[in-house]
Amino acid sequence: MPDRWYLFEDAKHIASPALIVYLDRVRENLRRMIAVAGGVERLRPHVKTHKMAEVVRLQMQAGISKFKCATIAEAEMLAQTGAPDVMLAYPVVGPNVGRLAGLAKAYPSTRFSALADDLSAIHTLSASFASAEKPLEVLLDIDNGMHRSGVAPGPAAIEQYRLLDDLPGLTPGGLHVYDGHVREADLAARASHAEADFAPVKQLRQSLENAGLPVPRVVAGGTPTFPVHARQTDRECSPGTCVFWDVGYESKFPDLEFLHAALLLGRVVSKPTPDRLCLDLGYKSVSPDNPQPRVTLLDLPDAQPVVHSEEHLTVESSRAGEFAVGDVMYGVPYHICPTVALHREAVVIEQDRVAARWPVTARNRSITL
């Protein structure tokens, strides 16, 4: 009999589709994150996976004090939760510049920092924060191979970083490097790739420090390169997905031993043919940003998806006859981060019972600002 750890009392009363979070497994994943990092000092976890204040509180209870986020709403959620150090790891442009300035004013006990990779954007940030009570720390976003955002680690980067030191309202906060292009399944190959691409970043840091410019931190990587950067002492690590885990990273990175802590609860709503089941796990409840299978059904792992639409997931299996309309089924998303954002709340399970319901606060693009 396989381990059906995901079952809990009163599941029949949970309306589906629903996001289910297992509290003990979240705590264990946090423990494992801290163990990989060698302590909390160099951890700056990304909140984009969970977007929940209650998870932030769990992280702070574990001693984590630095956080990374991608939206103004996530930054405000962190500040509302009392997070002391919040880095907005996304280019701040347009009205978001004023929103960030508003956050800094509304939550003076939180130290905010931001990213930049453009001269004009740096000038705009300076103009917005020139009259602020304290300067905004800005990290230079470095492109070391992904080519999504950032400036190459060369003369242009030095010019921009010097501007952070010269302009009013700003202070240089260091370097930010996201190497999402490093995705080898083998850890040794992934480490070799990551360190080779990180070498120019080391050289840039040395050049900046030789020029008398402070580089207080380097924030590097995501979950795939977390164990690589954790081996070094010259950088902060910012994993995100491993707090909940998913099928995508589990299948690609077998060295990362985290637990599935967030599932989807769905139900069989129809049996259109003897070998087919239709579930209420459409792509309004599970992210469609990857090829099928987008969710792995724990009680029917061989199920093959044949139709996926807004509210329906139709799967085919020789075992379809074992299930009835109304039966509860549990699934692990392939990509948990955007899946969480599709749900207003999470049903929290502790000791096989419903213990709480947590709002997914930062799924919204704004909270108050």
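Residues numbered from 1 in each chain as written. Predicted model: local features only at pLDDT ≥ 70, side-chain atom pairs only at ≥ 80, totals over all residues. Heavy atoms only, no water.

Colleague: Residues and numbers for the side chain of Ser-317, please.
Modeller: Following the sequence through the fold, Ser-317 ends up in the loop between strand 13 (313-316) and strand 14 (328-333). Only 3.5 Å separates the side chain of Ser-317 from the side chain of Asp-302, close enough to count as a polar contact. A polar contact is formed between the side chain of Ser-317 and the backbone nitrogen of Arg-319, at a distance of 3.0 Å. (Helix = DSSP H or I, 4+ residues; strand = E, 2+ residues; numbered from the N terminus. Polar contact = N/O pair within 3.5 Å; in protein donor to acceptor, adjacent residues only side chain to side chain.)

Colleague: Give a description of the sheet that holds strand 3 (residues 85-91) that names residues and reports values.
Modeller: The seven strands lie next to each other as 2-3-4-5-6-7-8, forming an open sheet whose pairing is parallel. Whereas interior strands pair on both sides, the edge strands pair on one side only; in this sheet they are strand 2 (66-69) and strand 8 (236-237). Examined bridge by bridge, strand 3 and strand 4 (residues 111-116) share five bridges and lie parallel to one another. Across the sheet, the residue bridging to Val-86 is Phe-112, located in strand 4. Contacting strand 5 (136-142) and strand 6 (170-177), helix 6 (residues 155-166) crosses the sheet at an angle of about 145° to strand 6. (Pairing = 2+ DSSP bridges. Contact = heavy atoms within 4.5 Å. Axes fitted to C-alpha atoms, helices over the stretch in contact; angles between N-to-C directions.)

Colleague: Can you lay out the packing of helix 4 (residues 95-106) against helix 5 (residues 119-129) for me, pointing to particular residues and giving the numbers?
Modeller: Between helix 4 and helix 5, the least distance of the axes is 10 Å, while the angle of their chain directions is 40°. On the basis of the axis angle, helix 4 is oblique to helix 5. In this structure, helix 4 meets helix 5 at a crossing whose hand is right-handed. Together, Val-97, Gly-98, Leu-100, Ala-101 and Ala-104 of helix 4 and Thr-124, Leu-125, Ser-128 and Phe-129 of helix 5 make up the contact between the two elements. (Parallel < 35°, antiparallel > 145°, perpendicular 65-115°, else oblique. Left-handed = near helix turned anticlockwise from the far one by under 90°.)

Colleague: How would you explain the pattern of salt bridges if you had to name every residue and give the values?
Modeller: Per the counting criterion, the structure on display carries 23 salt bridges. The partner of Glu-137 in a salt bridge is Arg-111, with the nearest N and O atoms 3.5 Å apart. One end of the pair, Glu-137, is in strand 5; the other, Arg-111, is in strand 4, and 26 residues separate them in sequence. Look at Glu-137 and you get buried, because its relative accessible area is 12%. By relative accessible area, Arg-111 is classed as partly exposed at 38%. Across the pair Arg-217 and Glu-137 runs a salt bridge whose closest N-O atoms are separated by 3.2 Å. With Arg-217 in the loop between helix 7 (187-210) and strand 7 (218-220) and Glu-137 in strand 5, this pair connects stretches of sequence that are 80 residues apart. What makes Arg-217 buried here is its relative accessible area of 11%. Overlapping salt bridges, with partners in common, bring together Arg-44, Lys-66, Asp-85, Arg-111, Glu-137, Arg-217 and Glu-236 in one network. (Salt bridge = Lys/Arg side-chain N within 4 Å of Asp/Glu carboxyl O. Buried < 20%, exposed > 50% of the residue type's maximum accessible area, 1.4 Å probe, protein only.)

Colleague: Go over the nonpolar core, please, and point to the residues and values.
Modeller: Grouped together as the largest cluster of nonpolar side chains are 95 residues, with contacts concentrated most on Met-52, Leu-175 and Phe-244. Leave out the neighbours within four places in its chain, and Met-52 touches Leu-19, Val-21, Met-77, Phe-244, Val-340, Ala-346, Trp-358, Pro-359 and Val-360. (Core = buried A, V, L, I, M, F, W, Y, C linked by side-chain atoms within 4.5 Å.)

Colleague: Could you give an account of helix 6, naming the residues involved and the relevant values?
Modeller: Look at helix 6: 17 Å from first C-alpha to last across 12 residues, which is about the 16 Å you get at 1.5 Å a residue. Taken as a whole, helix 6 has its buried residues at Ala-157, Gln-160, Tyr-161, Leu-163 and Leu-164. Viewed along the axis of helix 6, the buried residues span an arc of 150°, placing them on a single side of the element. Exposed side chains of helix 6 directed beyond 90 degrees from the buried face belong to Pro-155 and Asp-166. Lining the buried residues of helix 6 we find helix 5, strand 5, strand 6 and helix 7. (Expected span 1.5 Å × (residues − 1). Arc of directions from axis to C-beta.)

Colleague: Run through the packing of aromatic side chains, naming residues and quoting values.
Modeller: Aromatic ring pairs are defined here through the distance separating the ring centres and the angle between the ring planes. Inspection of every chain in the model, using the stated rule, returns seven aromatic pairs. Considering the side-chain rings of Trp-5 and Tyr-22, the 5.1 Å spacing of their centres and the 75° angle between planes classify their relative orientation as edge-to-face. Of this pair, Trp-5 sits in the segment before strand 1 (18-22) while Tyr-22 sits in strand 1; the two residues are 17 residues apart in sequence, bridging distant segments of the chain. The buried category is assigned to Tyr-22, whose relative accessible area is 5%. Aromatic pair Phe-8 and Tyr-330: ring centres 6.2 Å apart, planes at 75°, arrangement edge-to-face. Remark: Tyr-330 occurs in strand 14 and Phe-8 occurs in the segment before strand 1; sequence separation between them is 322 residues. (Phe/Tyr/Trp six-rings, centres within 6.5 Å; stacked < 30°, edge-to-face > 60°.)

Colleague: Mind laying out the environment of Ala-185, listing which residues take part and the relevant values?
Modeller: Mapping Ala-185 onto the fold places it in the loop between strand 6 and helix 7. If we ignore the near neighbours within four places in the chain, the residues touching Ala-185 are Arg-190, Lys-252, Pro-254 and Asp-255.

Colleague: Quick rundown of the pairing of strand 12 (residues 304-308)? Include the residues and the values.
Modeller: Summarising the sheet, strand 12 and strand 13 pair through four bridges and their orientation is antiparallel. By the bridge assignment, Gln-304 is partnered in strand 13 with Glu-316. Hairpin connection between strand 12 and strand 13: a loop of four residues separates the two successive antiparallel strands.

Colleague: Tell me about helix 3 (residues 72-80), and please be specific about residues and values.
Modeller: Among the nine residues of helix 3, eight are classified as buried, and the element is accordingly described as predominantly covered. When helix 3 is considered as a whole, its buried residues turn out to be Ile-72, Ala-73, Glu-74, Ala-75, Glu-76, Met-77, Leu-78 and Ala-79. Looking at the packing, one finds that the buried side of helix 3 touches helix 2 (53-61), strand 2, strand 3, helix 4 and strand 4.

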